[in-house]
Structure formats: C-alpha cells, structure tokens
Amino acid sequence: MTLTLPALGPTRKLKVPTGAERKLANGLTVIAVRRPSVPLVELRLWVPFGQAPLARGVLLSQTMLSGTGTMSNLDIAAELQKVGGGLTAGADPDRLMISGNGLVTGLDRILELLAEVLTDAAYPADEVANERERMVDHIQVAKSQPAHLAREALLRRMYGKHPYAVQTPEPEQVRAVRPGQLRTLHGERVHPSGAVLVIVGDLNPDRALDAAEATLGGWKGAGPALELPAAPPLTPGPLLLVDRPESVQSSLRIALPAVPRTHPDHAPLHLANLIFGGYFSSRWVENIREDKGYTYGPHSVIEHGVAGSALIVAADVATEVTGPALLETSYELGRLASLPPKEEELEQARQYALGTLQLGMSTQAGLAALASVYAGFGLRLDFLAEHSARLARATLEEVAEAAAKYLAPARAVTVVLGDAERIAGPLGALTQVETAAQPS
C-alpha cells in the first residue's frame, strides 16, 4: 500500500503580539509583551558588553548573583524561590545576558532582586574562588572535546585578531582574576545606557513598565559602551588541518559569508541554507547521513553577531571517510550555488522556516528570547512579521542568486580537526592543505 503525503497547506501570516515600550531616564529600554498562556513571566536583560576582558567578563557573569552588600547567594535564592522564580547570567563577546522567570504575581519581587544585583553585586571572595575553580575545570574538560577544539580553530581562522576569534578564556587567565577586578569591571561596564529589558508573560504591559521603572530607575552608571569593530571579511585560503593524533573521528567545519537580518539577501539566504543543510530534509543531510552514512548529525546554520554574520557548516565523520565527506560537502555547496533548486524543495524549506518562526513564538520563554535577541540588534518583534513576509515571497530566482553569491565553495574557510597522518593525503588530493598542531 502506497501512502501519499498531503499537499502543503497555505502560508499563514505571522501574528506578532503587541506590547509596550518605554525608555527610562537612566537609558534603560524596557519592552513588555503580553502572552496570556500560563500565569508566569519571563525576563531577559541584554547589557552591551563588547570588548570586556574575556576571562573577567565570563567570571563576572557567573558570580554576579553570588551576593550583594545585604544578601548572600542563599538569601537571593530563597527570595526567588518564594515567587517560584530564578535568575541566571551569562556573557559572550556581544552582551551580558541576565535571564529570569517566575510567577507573574512575583514580578515586582524579581525586579527588586534584579535591581539589587545590578546596583550592589558584592562578588564575595569565597564565592569567586569556588566559581573560578569550577570554571577552570569546565574549560579544561571542554578543551579535551573535539567539537570545542574544532570550533576554536575555526573562529581563529575566521576572525584573526578580532574579539570574536576567542570565546573561551584560558585556565590561567581565569585563575588570575580577583574579586576586586570583577567589582571594578561591574562598575565600569554594567550600565543601563543601551541596555534592554524584555518582560513577557500573562501581564498588563503598562503595569509591567511601571514596575520596571519603579525598581530599575535607580540603576545608574556612566561611560559609553565600547562597540566591537566590524568583523573582518572571510578570507578563503588553504584548508587548515589541525592535527589530533590517533583521533577516530574528524571534525569538519566550514565558514561561509552571510548577511545581517535586515539585509535584503537574508531571507533568500536563509532558505538556500535550509535547502543545503539547515534541516533534516536538506540535500547535505540526505547525502552524507542518509545515503552515505558518513555522519549522524551534520548541520549548517547562520550565526549572527553584533559585529557580523557567518554561515557555519559542521559535521563529525569517521577518520576513514574524511576526504569523501569533504568532497560531498563541496559538491552539494557547488551544486546549489550553480543550479537553481527545484520548486518543491524551496516550498518545503519555506514551510519549515515559517513553521519554525511560529514555533519559536509559541511559548513565553521562546518569545522572550526572540524579543531580546532582536532588541539587542536594534530590532523589535514587528520585524518578525516582516521577516516572515520576506520568506513567504522569496522567489526561486532570488534563492538561486543568494546561493550563488554566498554558498560557492570557493568562498569557504575550511578547518578539519583529525589525525593528520591518516587524513592529510586524502584531503590534499582535494585541496591545498596547511597543517597545524593541536593547541595544548
């Protein structure tokens, strides 16, 4: 018996929830969005953090909730628990991000605790010491993982001396950080000016803005945010082979040029990437996973940073098929860059892209994450509707043009981490190879 799949349904217009926005006198922008699904609230605070010293910035994010002048970390945790809430923090080269959630009835208390941390974080010596050792252990474990090492090598090859080139500090850099340095960095860089707080939940947006202003209006700080320089353009060259002796797998990483979300080519490139390798039904996944069995989870994704965007292609393959896997990857990139996709391929990718947008907005946490990321790039939720419309109307010709412009193998920066003794020959038969030792 043969089953026939039903035809794809009509494209539905994306409905974006409305909200309210207010810029406080201290420079903090607050965005509140009502999502009446469950009686919870999600918070995301984006603080520009470009060019913060890496080890200090990461350790600051992991210890700023460790206590204030009047509260210990246990006190903070207990107060959050009373309202079913939590706060976490993290940092990357673009931002310091503080995330929170809890019962919507506890919003005022969560904001009060957030304000307490922002204005009076103490960075207690014992808590900093404990977190410092935990972070060193985490970094040392990460540096034993092939995926991490391959990512590090690719970033260095892509970005050179740009801050994006290194996103994990060295253990000795972390060990050198002292609590006083964290307090100084907090005072210098954790400012309301340019920061954006997003609040999403079953709430009255204007009431949420009032609560944020009442609690965070006293957050002060002077000094301009240090903007990152633009990321350098990708410079194709020899394949970089990072030697990992006796490795049973090779980590294949490729970077290709991409454009910001607001660029006219972004929607067509988004669709072209999906057709190539951006989801399970893509050509590349069908080729090297389903047909050849070279790998389990190949994927490609457009990564956006404040300073620039790039399309990243990643797969981990058995050592003996490293050369063939690279050959098939280049083949699929070249095929899409030189021949237009089929209409049914485009429509399938389009439906996936539009459905993913809908799914990303379906929960309070997902909506808060989207709103915060977009706000960090100077956009608002209404851009989601614009992006959805661009995806819906992108033509086959536009997608083919984007593929030709951005996915051509000749534009790729390629890094392979693996056993050079076994794979240098097969790779050298395909392209010029430059070998480097694995970082210690």
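Above: the structure in question.
Just so it is clear, the model here is predicted, and its values are computed rather than measured.

Parameters at a glance
- Residues numbered from 1 in each chain as written.
- Predicted model: local features only at pLDDT ≥ 70, side-chain atom pairs only at ≥ 80, totals over all residues.
- Heavy atoms only, no water.
- Helix = DSSP H or I, 4+ residues; strand = E, 2+ residues; numbered from the N terminus.
- Rg over C-alpha atoms; globule rule 2.2 N^0.38 Å.
- Buried < 20%, exposed > 50% of the residue type's maximum accessible area, 1.4 Å probe, protein only.
- Contact = heavy atoms within 4.5 Å.
- Areas by Shrake-Rupley, 256 points an atom, 1.4 Å probe, with all protein chains shown as cover.
- Lys, Arg positive; Asp, Glu negative; His and termini not counted.
- Charge placed at Lys NZ, Arg CZ, Asp CG, Glu CD.
- 1 Å grid on protein atoms, 1.4 Å probe; cavity = no way out; pocket = protein on both sides within 12 Å on 5 of 7 lines; lining within 4 Å.
- Points joined across faces, edges and corners; volume = space filled by probe spheres on them.
- Nonpolar A, V, L, I, M, F, W, Y, C, P; charged D, E, K, R; others polar.
- Salt bridge = Lys/Arg side-chain N within 4 Å of Asp/Glu carboxyl O.
- Patch = residues over 30% accessible without salt bridge, like charges linked within 9 Å, V, L, I, M, F, W, Y side chains within 5 Å.
- Axes fitted to C-alpha atoms, helices over the stretch in contact; angles between N-to-C directions.
- Parallel < 35°, antiparallel > 145°, perpendicular 65-115°, else oblique.
- Pairing = 2+ DSSP bridges.
- Phe/Tyr/Trp six-rings, centres within 6.5 Å; stacked < 30°, edge-to-face > 60°.

A. Focus on the overall build of the chain. Within the chain, the regular secondary structure consists of 16 helices and 12 strands. For the chain, whose C-alpha radius of gyration is 24 Å, the value lies close to the compact-globule estimate of 22 Å for 440 residues. In terms of overall dimensions, the chain has C-alpha extents of about 65 × 55 × 45 Å along its principal axes. Within the span of the chain, comprising 440 residues, buried residues form 50% of the whole. Partitioning the intrachain contacts of the chain with sequence separation of at least 6 by distance along the chain shows that 82% fall at a separation of at least 24. Counting every atom, the chain has about 20,000 Å² of accessible surface; 53% of that belongs to carbon and sulfur. Computed over 40 positive and 47 negative side-chain charges, the inter-centroid distance for the chain is 3 Å.

B. Examining the layout of surface pockets more closely. Considering only enclosed or pocket space, the largest pocket measures out at about 490 Å³ in volume. Its residues assigned to classes, the lining of the largest pocket shows nine nonpolar, nine polar and one charged.

C. Highlighting the pattern of salt bridges. Summed over all chains, the structure comprises 24 salt bridges. Note that Glu 79 and Lys 82 form a salt bridge whose closest N and O atoms lie 2.8 Å from each other. Of this pair, Glu 79 and Lys 82 both sit in helix H2 (residues 73-82), three residues apart, which is roughly one turn of the helix. Note on Lys 82: relative accessible area 63%, which makes it exposed. A salt bridge links Arg 253 to Asp 316, with the shortest nitrogen-to-oxygen separation between them at 3.3 Å. Taken together, the residues Arg 253 in strand S8 (residues 249-257) and Asp 316 in strand S10 (residues 308-318) connect sequence positions 63 residues apart. Arg 253 sits in the buried class, given a relative accessible area of 8%. Assessed through its relative accessible area of 28%, Asp 316 is described here as partly exposed. Through salt bridges with shared partners, one network takes in Glu 79, Lys 82, Arg 109 and Glu 112.

D. Main features of a negative patch on the surface. Negative charge collects at one region of the surface, where Glu 343, Glu 344, Glu 397, Glu 398 and Glu 401 lie side by side. Where the negative patch is concerned, the elements lending two or more residues are helix H12 (343-360) and helix H15 (396-406). Checked against the element boundaries, Glu 401 lands in helix H15.

E. Broad picture of the packing of helix H9 (residues 266-278) against H15. Packing of H9 against H15 brings their axes to within 8 Å, and their N-to-C directions diverge by 75 degrees. As the angle between them shows, H9 and H15 are arranged roughly perpendicular. The residues of H15 that touch H9, namely those facing Pro 268, Leu 269, Leu 271, Ala 272 and Ile 275, are Glu 398, Val 399, Ala 402, Ala 403 and Tyr 406. When grouped by side-chain class, the residues that make up the contact of H9 with H15 number nine nonpolar, no polar and one charged.

F. Quick look at the sheet that holds strand S1 (residues 19-23). Reading across from one edge, S1-S2-S6-S3-S5-S4 is the order of the six strands in this open sheet, with mixed pairing throughout. The open sheet terminates on both sides in strands that have one partner only, identified here as S1 and strand S4 (86-91). Mean inter-strand twist for the sheet, computed between neighbouring axes without regard to direction, equals 15 degrees. Here S1 pairs with strand S2 (residues 29-34) via five bridges, running antiparallel.

G. Quick look at the environment of Leu 60. Looking at the element boundaries, Leu 60 is found in helix H1 (residues 54-63). For Leu 60, a relative accessible area of 0% corresponds to the buried category. Through-space distance from the C-alpha of Leu 60 to that of Leu 228 is 19 Å; in sequence the pair is 168 residues apart.

H. Structural context of the packing of H9 against helix H10 (residues 283-291). Where H9 contacts H10, the two axes come as close as 5 Å, and the packing angle between them is 10 degrees. Judged by the inter-axis angle, H9 sits roughly parallel to H10. Contacts between H9 and H10 involve Ile 275, Phe 276 and Gly 277 from the former and Arg 283, Trp 284 and Val 285 from the latter. Partitioning the contact of H9 with H10 into residue classes produces four nonpolar, one polar and one charged.

I. Structural detail: the side chain of Thr 68. Positionally, Thr 68 belongs in the loop between H1 and H2. With relative accessibility at 8%, the residue Thr 68 sits in the buried group.

J. Just the packing of aromatic side chains, in detail. All chains considered together, the criterion is met by five aromatic pairs. Aromatic pair Trp 46 and Phe 377: ring centres 5.9 Å apart, planes at 70 degrees, arrangement edge-to-face. Separated by 331 residues along the polypeptide, Trp 46 in strand S3 (residues 40-48) and Phe 377 in the loop between helix H13 (364-376) and helix H14 (382-393) bring together distant segments of the chain. A relative accessible area of 4% places Trp 46 in the buried class.

K. Representation of a nonpolar patch on the surface in the model. Among the surface-exposed residues, Val 38, Leu 40 and Leu 103 lie close enough to one another that they form a single nonpolar patch of about 210 Å² accessible area. Within the secondary structure layout, Leu 103 lies in strand S5 (residues 95-103).

Read these as spatial facts, not as claims about activity.
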